[in-house]
Amino acid sequence: MKVGIRIPACDRPDRLASVAARAERLGFDEVWFPDSQLLWRDVFSVLSVTALRTERIGLGTAVTNVATRHPSVVASAARTVAELAPGRFTLGLGVGNSSVLPVGMRASTGAEFAAGVAQVRALLAGGEWDYGPVRSRLRDPAPAVPIQVAASGPRNLRLAGAVADGVVLLSGVSPDTLAAAAKEVGEGAREAGRTADVPLTVSAFCEVTDDAAAAARKLKPICASIAQNGGAPFLALAGIDVSVPARVDEVYPDLVHAEDWDQAVEVAGRWISDDDALAFANAFCLIGTADEIAARLRETFAAGASGVFLQHVGSYDPPHDLIEAVGGDVLPSL
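These figures come from a predicted structure and were not determined experimentally. Just so you know, the residues in each chain are numbered from 1, in the order the chain's sequence is written. The predicted nature of this model means local features are confined to residues of pLDDT at least 70 and side-chain atom pairs, given and counted, to a pLDDT of 80 or more, with totals for whole chains, interfaces and linings taken over all residues. Side-chain metrics in this entry use all non-hydrogen atoms of the structure; hydrogen atoms and water are not considered.

For the purposes of this entry, the term helix denotes a DSSP run of H or I that reaches at least four residues, the term strand denotes a run of E that reaches at least two, and both are numbered from the N terminus. Along the protein, the regular secondary structure elements total 13 helices and 12 strands. For this measure, only C-alpha atoms enter the radius of gyration; the expected value for a globule follows 2.2 Å times N^0.38, where N is the number of residues. Whereas a compact globule of 334 residues would reach a radius of gyration of roughly 20 Å, the protein reaches 19 Å, a difference of no more than 12%. Taken along the three principal axes of its C-alpha coordinates, the protein extends 60 × 40 × 40 Å. Note on contacts: a residue pair is in contact if any heavy atoms of the two residues lie within 4.5 Å. Here the analysis covers contacts within the protein between residues at least 6 apart in sequence; of these, 73% occur between residues at least 24 apart. Exposure was quantified through the Shrake-Rupley algorithm and a 1.4 Å probe, taking into account, for residues, occlusion by the shown protein chains and nothing else. Summed over all atoms, the accessible surface of the protein reaches about 14000 Å², with 50% contributed by carbon and sulfur. Positive charges are assigned to Lys and Arg, negative charges to Asp and Glu, while His and the chain termini are left out of the count. All charge positions are set by atom: Lys at NZ, Arg at CZ, Asp at CG, Glu at CD. Across the protein, the 29 positively charged side chains and the 40 negatively charged ones have centroids separated by 7 Å.

Next up on the list: helix 6 (residues 175–191). If you check helix 6, its first and last C-alpha atoms are 24 Å apart, about what 17 residues at 1.5 Å a residue would give, namely 24 Å. Whether a residue is buried, partly exposed or exposed follows from its accessible area with a 1.4 Å probe, protein chains only, as a fraction of its type maximum: under 20%, in between, or over 50%, in that order. Considered for burial, the residues of helix 6 that qualify are Thr 177, Leu 178, Ala 181, Glu 184, Val 185, Gly 186, Gly 188 and Ala 189. In this structure, the buried residues of helix 6 make contact with helix 5 (154–163), strand 9 (166–169), strand 10 (200–208), helix 9 (232–237), helix 11 (274–284) and helix 12 (290–302). Of the residues trailing helix 6, Gly 193 is marked for its positive phi of about 75°. Here the expected length of a helix is defined as 1.5 Å per residue gap, with one fewer gap than residues.

UniProt positions are given in the numbering used here, feature names are shortened, and annotations may be inferred rather than shown by experiment. The positions that UniProt labels "domain: Luciferase-like" (unreviewed entry) are, in the present scheme, residues 11–305. Regarding residues 11–305, the helix share stands at 45% and the strand share at 14%, and the terminal C-alpha atoms are separated by 31 Å.

This part is about the pairing of strand 1 (residues 2–6). Where burial is concerned, most of strand 1 is hidden: four out of the five residues are buried. At least two bridges found by DSSP between two strands is the condition for calling them paired. Here strand 1 runs beside strand 12 (residues 307–311); their pairing, made up of four bridges, is parallel. Across the sheet, Ile 5 pairs through a bridge with Leu 310, a residue of strand 12. Two strands pair when backbone bridges link them, and strand 1 and strand 2 (residues 30–33) are joined in this way by three bridges, in the parallel orientation. Across the sheet, the residue bridging to Arg 6 is Trp 32, located in strand 2. A crossover counts as right-handed when, viewed with the strands pointing away from the observer, the path leading from the first strand over the helix to the second turns clockwise. Taken together, strand 1, helix 1 (residues 13–25) and strand 2 constitute a β-α-β crossover, and its handedness is right-handed.

What follows concerns the side chain of Thr 54. As for its placement among the helices and strands, Thr 54 is situated in the loop between helix 2 (43–53) and strand 3 (58–61). By relative accessible area, Thr 54 is classed as buried at 5%. What qualifies as a polar contact is a pair of N or O atoms within 3.5 Å, subject to a donor-acceptor requirement within protein and to the restriction that residues adjacent in sequence count only when both atoms come from side chains. Within the local environment of Thr 54, its side chain forms a polar contact with the backbone oxygen of Thr 50, the two atoms lying 2.8 Å apart.

Right, here's the structure in full:
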């Protein structure tokens, strides 16, 4: 049972490595860096520096993709980080989202994504891959790199179960939503002839606070984005019935990564009420006192999660306050 922290690659790699090192000292098990080439620094550069500045903590991408990055490039980059952090690196992959949309590309289809994952896995394992006129392989491969896939909607959850070593769930820490997501992952694994026991890592927004209602209001863009990206069935399990347009052009670059968060909250309020936001915080997130968050984490692990990684609201500053609050007051009680 692992507790991790998500750190946006929003600053120089050496400074971000220091943030990760602080999380390591406070007892976090993993640190995850997202990948979006126009929003943040290069994720594999950040991971390489962090690997050299830490000793124990697990490192991962949450997540990179095989659309803006060719699968062979992903395999080579993953091998490089794995060499610097033996046994500590996890390659997290997704369909693209914040990497593809700002450059006018579309997210990977299910077939494209499955083929990309297969290529990365084959190259890391030392196998050859057919590139039309040539067959090639990766020199000095790293077969021990596990691949996790991020998913929210039922279709991608089943795909993740079919192809991944583990799944990053974007469907919240509620026992109901966790069970529903796990069911989809298990079905995908069984259809692919694999064991249904696929490790599940839950991504959850977190804030240690005495004012849950105020913290919940800040989460409206997150809730709206989940509705946009196939998560409406899971929101419905928490009593949140909303329909959000696929594009919200007023917010740059998108609702989750808004540069002006107050504006994003106001815009998302067109679809997400204060009551919806509080229901979302209670079902999907870890919002409350340190004791309440610790209790929710125990429930999440008891419900079948093998790991949780925590996120703060905001994409362009490191989660210093969250690391200190959780590391100081939550992790010791676990």
